[in-house]
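What follows is the residue order along each chain.
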Amino acid sequence: MTENGDRDVPGKGLLDGLAVTLKTMAKRSTTQQYPDVQPDLPPRSRGVIALSEENCTVCMLCARECPDWCIYIDSHKEEVVVPGAARSRQRNVLDKFDIDFALCMYCGICIEVCPFDALHWTPEFEYAETDVLSLLHDKNRLGEWMRTVPPPPAHDVLGEPSKEEATAARKAAGPGAATAAKTSRPSSVRPASPPTASPAPDRPPGPAANPEREQ
């Protein structure tokens, strides 16, 4: 017997392969009949990326952080006249927002770094094309995917409200009003009992004080 042991036996590899084949032939097939039967995907599956154009401020964070450089953004500035302001202000207007899904590796970095929730994952994956140039989705097509974005999970009832919710509640309540974030108290915390008056220390016995002095 050589160093390889029983691996040098002629035909052993073929027999091992046939054994695996015979073992799987007796099992029931679990193949999903796609596309007749749609797969049951998790709600947060990484399918295609959707764009909420009204949330985009053209901060360019997604384009700068993209490791594949597959996001192309173009914009221009326009003046906004604010009533009562000394001078007009400028804001960025989004002209072009393209994602080349032929280069995208679906890492999700652009969605994570977006500070205004302009990019979202959708579970849609059926956007294959016969032409690779058609995988370049512009802002209009990216905006159409927003209808397939699943709703966010519900907030924890026992959790603290977010900063945005607390600010909105404080503005709605008016100045000086206590909001739910300030008045809420966990049920596990018991209120402190009011302090009780401590007894006066004992004084040594002495002569009683005479209110009237002897003349």
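Look up: the structure comes first, before these words.
How each quantity is defined
Residues numbered from 1 in each chain as written. Predicted model: local features only at pLDDT ≥ 70, side-chain atom pairs only at ≥ 80, totals over all residues. Heavy atoms only, no water. Helix = DSSP H or I, 4+ residues; strand = E, 2+ residues; numbered from the N terminus. Buried < 20%, exposed > 50% of the residue type's maximum accessible area, 1.4 Å probe, protein only. Contact = heavy atoms within 4.5 Å. Patch = residues over 30% accessible without salt bridge, like charges linked within 9 Å, V, L, I, M, F, W, Y side chains within 5 Å. Areas by Shrake-Rupley, 256 points an atom, 1.4 Å probe, with all protein chains shown as cover. Salt bridge = Lys/Arg side-chain N within 4 Å of Asp/Glu carboxyl O. Pairing = 2+ DSSP bridges. Expected span 1.5 Å × (residues − 1). Core = buried A, V, L, I, M, F, W, Y, C linked by side-chain atoms within 4.5 Å. Phe/Tyr/Trp six-rings, centres within 6.5 Å; stacked < 30°, edge-to-face > 60°.

Colleague: Quick question: what am I supposed to make of the overall build of the protein chain here?
Modeller: Assigned secondary structure in the protein chain consists of 6 helices and 5 strands. Considering the protein chain as a whole, with its 215 residues, one finds that 20% of them fall into the buried category. Taking all contacts inside the protein chain whose residues are at least 6 apart in sequence as the whole, residues at least 24 apart take part in 69%.

Colleague: What is the right way to read a nonpolar patch on the surface from this model?
Modeller: Where nonpolar side chains cluster on the molecular surface, the patch consists of Leu-14, Leu-15 and Leu-18 and spans about 320 Å² of accessible area. Its location among the elements puts Leu-14 in helix H1 (residues 12–25). Its relative accessible area of 60% is what places Leu-14 among the exposed residues.

Colleague: It is not clear to me how the side chain of Ser-52 should be interpreted in this structure. Could you clarify?
Modeller: Mapping Ser-52 onto the fold places it in the loop between strand E1 (48–51) and helix H2 (61–65). The exposure class assigned to Ser-52 is buried, which follows from its relative accessible area of 6%. Every residue in contact with Ser-52, bar those within four places of it in the chain, is listed here: Asp-117, Ala-118, His-120 and Met-146.

Colleague: How should I be thinking about the sheet that holds strand E3 (residues 89–100) in this particular structure?
Modeller: Sheet strands associate in pairs through backbone hydrogen bonding, adopting either a parallel or an antiparallel arrangement. Pairing is antiparallel across the open sheet formed by 3 strands, whose spatial order is E2-E3-E5. This sheet does not close on itself; its edge strands, each paired only once, are strand E2 (71–80) and strand E5 (136–137). Both E3 and E5 contribute to a ladder of 2 bridges, which runs antiparallel. Note that in E5 the partner of Asp-100 across the bridge is Leu-136.

Colleague: Teacher, can you tell me more about H1 here?
Modeller: Because each turn of an α-helix spans 3.6 residues, side chains separated by three or four positions end up pointing in the same direction. For H1, built from 14 residues, the straight-helix expectation of 20 Å at 1.5 Å per residue is met to within 8% by its first-to-last C-alpha distance of 20 Å. Of all 14 residues in H1, 0 are buried, a share of ten percent or less.

Colleague: Looking at this structure, how should I read unusual backbone geometry?
Modeller: Among all residues save glycine, negative phi is the norm, and among peptide bonds the norm is trans. The amide bond that connects Tyr-34 to the next residue, Pro-35, takes the cis arrangement and shows omega of 10 degrees. In this structure, Pro-35 sits in the loop between H1 and E1. Backbone geometry places Met-60, a non-glycine residue, at a positive phi of 70 degrees. With respect to the helices and strands, Met-60 occurs in the loop between E1 and H2.

Colleague: Help me out: how do you make sense of the nonpolar core in this one?
Modeller: The nonpolar side chains of a soluble globular protein tend to be buried, and buried together. The biggest cluster of nonpolar side chains holds 28 residues, and the ones touching the most others in it are Ile-49, Ile-71, Ile-73, Phe-97, Phe-101 and Leu-119. Breaking this core down by element, the ones donating at least two residues are E1, H2, E2, E3, helix H3 (109–113) and strand E4 (119–122). It is E1 that provides the largest number of residues to this core, a total of 4 residues.

Colleague: What is the right way to look at the packing of aromatic side chains in this model?
Modeller: In total, this model carries 5 aromatic pairs according to the counting rule given. Seen from their ring centres, Tyr-34 and Phe-125 are 6.0 Å apart, and the 40 degrees between their planes marks the pair as tilted. With Tyr-34 in the loop between H1 and E1 and Phe-125 in the loop between E4 and E5, the pair connects residues that are 91 residues apart, well separated along the chain. Owing to a relative accessible area of 37%, Phe-125 belongs among the partly exposed residues under this scheme.

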